[in-house]
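Given next are the chains, with one letter for each unit.
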Amino acid sequence: MTTVAARPSLAMRLNALTKIVELGPGRLEPKLLAEASTLLTRAGERLKLSSEHTVVALAGGTGSGKSSLFNAVSGLELSPTGVRRPTTARTHACVWGLDGATPLLDWLQIQWRHRFARASALDKGESQLHGLILLDLPDHDSIRALTDNEADRLIGLADLVVWVLDPQKYADASTHRRYVTELAGRDAPTVFALNQADRLTAAELAELVIDLNDLLRREGVEHPSVVPTSAITGRGVDSLKSVLAAAVSRRRAAVQKLEADLHRLEQRVAQTMPADEALSAPSTVDDARRMGLTDALCDAVGVPAVGEAMENIYAERSMSWVGWPYPRWFAKLRPDPLKSLRLDDVADEIRGITDGSVSAQSAEVINAVQALADGLSGGMHPVWRASLNHAARSRAAQVPKALTENLTKVAPHLHHVPAWWRLLKTWQYTLVAAFVTGLVWMGAGLLFPGDAPLGFQLLGDTAALPWVGLMMAAVLGLGALSGIASRNFVELGASRERERLEREMRRRVAAIAETMVVEPVERELGRHHAFYTAMRALAG
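As the structure is a prediction and not an experimental result, all values here were calculated from the model. Residue numbers run consecutively from 1 along every chain, following the written order of its sequence. Local features are withheld for residues below a pLDDT of 70 in this predicted model, meaning they are given only at 70 or higher, and side-chain atom pairs are given and counted only at 80 or more; totals for whole chains, interfaces and linings count all residues. The basis for every side-chain value is the complete set of non-hydrogen atoms in the structure, without hydrogens or water.

A. Geometry of the overall build of the protein chain. For the protein chain, the count of helices and strands is 19 helices and seven strands. Summary of the burial criterion: residues with accessible area below 20% of their type's maximum are buried, those above 50% are exposed, and those between are partly exposed, where the area comes from a 1.4 Å probe applied to protein chains only. A total of 540 residues make up the protein chain; the buried ones form 46% of that total. Contacts spanning at least 24 positions in sequence make up 81% of the contacts within the protein chain whose residues lie at least 6 apart. Helix numbers and strand numbers start at the N terminus; a helix is a DSSP run of H or I with at least 4 residues, a strand a run of E with at least 2. The criterion used for residue contact is that any of the two residues' heavy atoms lie within 4.5 Å.

B. The sheet that holds strand β1 (residues 54–60), seen in detail. Two strands pair if DSSP finds at least two bridges between them. The seven strands are arranged β3-β2-β4-β1-β5-β6-β7 in an open sheet whose pairing can be described as mixed. Taken across any chain shown, the strands that pair with only one partner, and hence form the sheet edges, are β3 (115–117) and β7 (225–228). Within this sheet the neighbouring strands show an average axis-to-axis angle of 20°, counted without direction. The pairing of β1 with strand β4 (residues 132–136) spans five bridges and is classified as parallel. Orientation is described by axes fitted as lines to C-alpha atoms, over the contacting stretch for helices, and by angles from 0 to 180 degrees between their N-to-C directions.

C. Structural view of the environment of Lys169. Tracing the backbone shows Lys169 in the loop between β5 (160–165) and α6 (173–183). As for Lys169 and Gly63, which are separated by 106 residues in sequence, their C-alpha atoms are 9.3 Å apart.

D. View of the nonpolar core. Buried residues of nine kinds, namely Ala, Val, Leu, Ile, Met, Phe, Trp, Tyr and Cys, make up a nonpolar core once their side-chain atoms join them within 4.5 Å. Counting residues in hydrophobic clusters, the biggest one holds 62 residues, and the most contacted among them are Leu17, Leu293, Val521 and Phe531. With 15 residues, the single largest contributor to this core is helix α19 (residues 465–539). Ignoring any residue separated from it by four or fewer positions in sequence, one finds Phe531 in contact with Ile20, Leu23, Leu28, Val269, Met273 and Trp384. Core analysis: the next-biggest nonpolar cluster, separate from the first, contains 36 residues, Val55, Leu137, Leu154 and Leu157 among them.

E. Up close: the environment of Arg115. Relative to the helices and strands, Arg115 resides in strand β3. For Arg115, a relative accessible area of 14% translates into the label buried. It is 4.9 Å that separates the C-alpha atoms of Arg115 and Ala93, two residues lying 22 residues apart in sequence. For Arg115, the contacting residues outside a window of four places in its chain are Ala93, Thr102, Leu105, Asp106 and Ile110.

F. Structural view of the packing of helix α3 (residues 66–74) against helix α8 (residues 237–250). α8 packs onto α3 with a crossing angle of 75° between their chain directions and a minimal axis gap of 10 Å. With respect to their mutual orientation, α3 and α8 come out roughly perpendicular. Within the contact between the two elements, α3 uses Leu69, Ala72 and Val73 and α8 uses Val237, Leu240, Lys241 and Leu244. Oblique is the label for every angle not falling under 35 degrees (roughly parallel), over 145 degrees (roughly antiparallel), or within 65 to 115 degrees (roughly perpendicular).

G. View of the confidence of the model for the protein chain. Per-residue pLDDT for the protein chain averages 79, and the proportion of residues at 70 or more is 74%. Every residue is assigned a pLDDT by the predictor, reflecting its confidence on a scale from 0 to 100. Considering only residues more than four positions removed or in separate chains, one finds that residues 350–360, a stretch of pLDDT under 50, has 21 contacts.

H. Expanded view of unusual backbone geometry. Non-glycine residue Gln109 carries a positive phi angle of around 65°. With respect to the element layout, Gln109 can be found in the loop between α4 (102–108) and β3. For Gln109, a relative accessible area of 53% gives the class exposed. Notably, Gln196 is not glycine yet its phi reads approximately 60°, a positive angle. Following the sequence through the fold, Gln196 ends up in the loop between β6 (190–194) and α7 (202–218). Since its relative accessible area comes to 11%, Gln196 is described here as buried.

I. Structural context of the side chain of Asn389. Structurally, the position occupied by Asn389 is in helix α16 (residues 382–393). Polar contacts involving the side chain of Asn389 include one to the side chain of Gln370, which spans 3.4 Å. Among all residues touching Asn389, those that are not within four sequence positions of it are Gln370, Ala373 and Asp374. By the criterion applied in these results, polar contacts are pairs of N or O atoms within 3.5 Å in which, for protein atoms, one can donate a hydrogen and the other can accept it, and in which residues neighboring in sequence qualify only through two side-chain atoms.

J. Quick look at the pairing of β5. Of all six residues that make up β5, six are buried, and the element is covered over most of its length. Neither face of β5 is open: one carries Leu160, Val162 and Val164, the other Val161, Trp163 and Leu165, and all of them are buried. Relative to β5, β1 runs parallel, the two being bridged by five bridges. Counted as the bridge partner of Val56 is Leu160 from β5. Bridge count for β5 against β6 is five bridges, and the pairing is parallel. Note on β6: the bridge partner recorded for Val162 is Val191.

K. Expanded view of the pattern of salt bridges. The salt bridge criterion pairs a side-chain nitrogen of Lys or Arg with a carboxyl oxygen of Asp or Glu, the two atoms within 4 Å. Here the structure, examined in full by the defined rule, presents 19 salt bridges. Between Glu524 and Arg27 there is a salt bridge, with its nearest N and O atoms 2.6 Å apart. Here Arg27 lies in the loop between α1 (8–23) and α2 (30–48) and Glu524 lies in helix α19, a separation of 497 residues in the sequence. The exposure class assigned to Glu524 is buried, which follows from its relative accessible area of 5%.

L. Structural view of helix α10 (residues 287–301). Taking 1.5 Å of rise per residue, the 15 residues of α10 would be expected to cover 21 Å, and the 21 Å separating its terminal C-alpha atoms lies within 8% of that figure. Listed as buried for α10 are Leu293, Thr294, Leu297, Cys298, Ala300 and Val301. On an axial view of α10, the arc spanned by its buried residues comes to 155°, and they lie on one face. Of the residues in α10, the exposed ones pointing more than 90 degrees away from the buried face are Ala288, Met291 and Asp299. Its side-chain oxygen placed 3.1 Å from the backbone nitrogen of Ala288, Asp286 serves as the N-cap of α10. Of the residues one or two after α10, Gly302 is the one with positive phi, at around 75°. To estimate how far a helix should reach, multiply one less than its number of residues by 1.5 Å. By construction, the arc corresponds to the directions joining the helix axis to the C-beta atoms.

Structure (structure tokens):
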């Protein structure tokens, strides 16, 4: 036994529907998802069964002559007939070529006592029907059908449905509204047998066929196949057999039925979730939006303020180490600007920038996250827009705390003293000592000219005083120059330290944004893109 050879396009469409069912919960109606899951199950089961057999169901209402036509096609009195009331309580099956058909009949749930085989069909010139499984279904409009859905179930499972209509009820609403309109679709394998043609004149039959064709086209049947038949006289039975034989020989009815069902389902999904320009929506968060989110979150936690405060404090602290001592000593006569700025515990002050305004920052974080979601969801279906917003905000409430805790770890170590500050301070105090030595020398030379005590005669040498004065001036100049140079180096170091701090803080902010905002958003964008890619593949 072989299985149904599905075209690659059908396999791709079934895979696409699987993806839609996987991504559909919360976005598509549960009823539609349930129907899609049922179709996938049915397709998987049917494609595993015999491809050598084509399941044809004769369906119709009470009094249409369905069972009589079943007997006429099979050439045997297999299904009981009735004039006034339906007599087909259970489905009967006639099989042309029983080999390999049993698993398929089991799947159709046909009772063993209602299975019949045409083993001698080849001897009667009906080899073209080999592989046909003909079903006589219960009447779909009988009282029994109200509580037993066997007819509806098998109409859905059959590879080809032959609707048996009679001249009086060929436009019956129970058939057309419940089945024909619902089942109509692209290349849907459906045949209409206008039975009891023996009751009509040739003109009446021709007019009726034209009217039925027009009605079916209005209901969405693109290529209706109408075959006038008479189970009593045998008129049209051979024509119906030819139609069935053509379907059996092509071995395509099962695939066509699945393709038609997929097409109808795709149309319903497209009505609920129209594609339009959905695939033009981004599937990832681009670098520009990543940077925009990082900038907004940096503003929310005050990264620029931290950097500026650190730079200013770095410069002010350096003055106690690298500034020329004399101006610093004179500055002590004025109030301490650091105390007026309350910068004694500056590390705590800077940590307070992130710790002190969490509630206000939460609003700014939410605004930044919402701006990202709004920028990405433009043009999306409202359902997907809502799910993207939900994904973006799924961890937004945790972002302020994460930023606060993470950035506190990189608060600058403002009490750290660079080694070059210590070296420069030693140098400057050496210059101070040299200046004080010169000042003492100059004073001794002026107070004791030529009369310096024993051992200090050099201090009283007035001829050396000009050189001492020159040395003192040089020391003052050298100290002033070193102070100016050190100030420039301090400013450069402060600027570099600010850049380092802001870069590190920005890196941490970007990492948090990536983990807590961008990744959930990209997962949802990926689902959106996969859903509509599957929609396009399902459309074929």
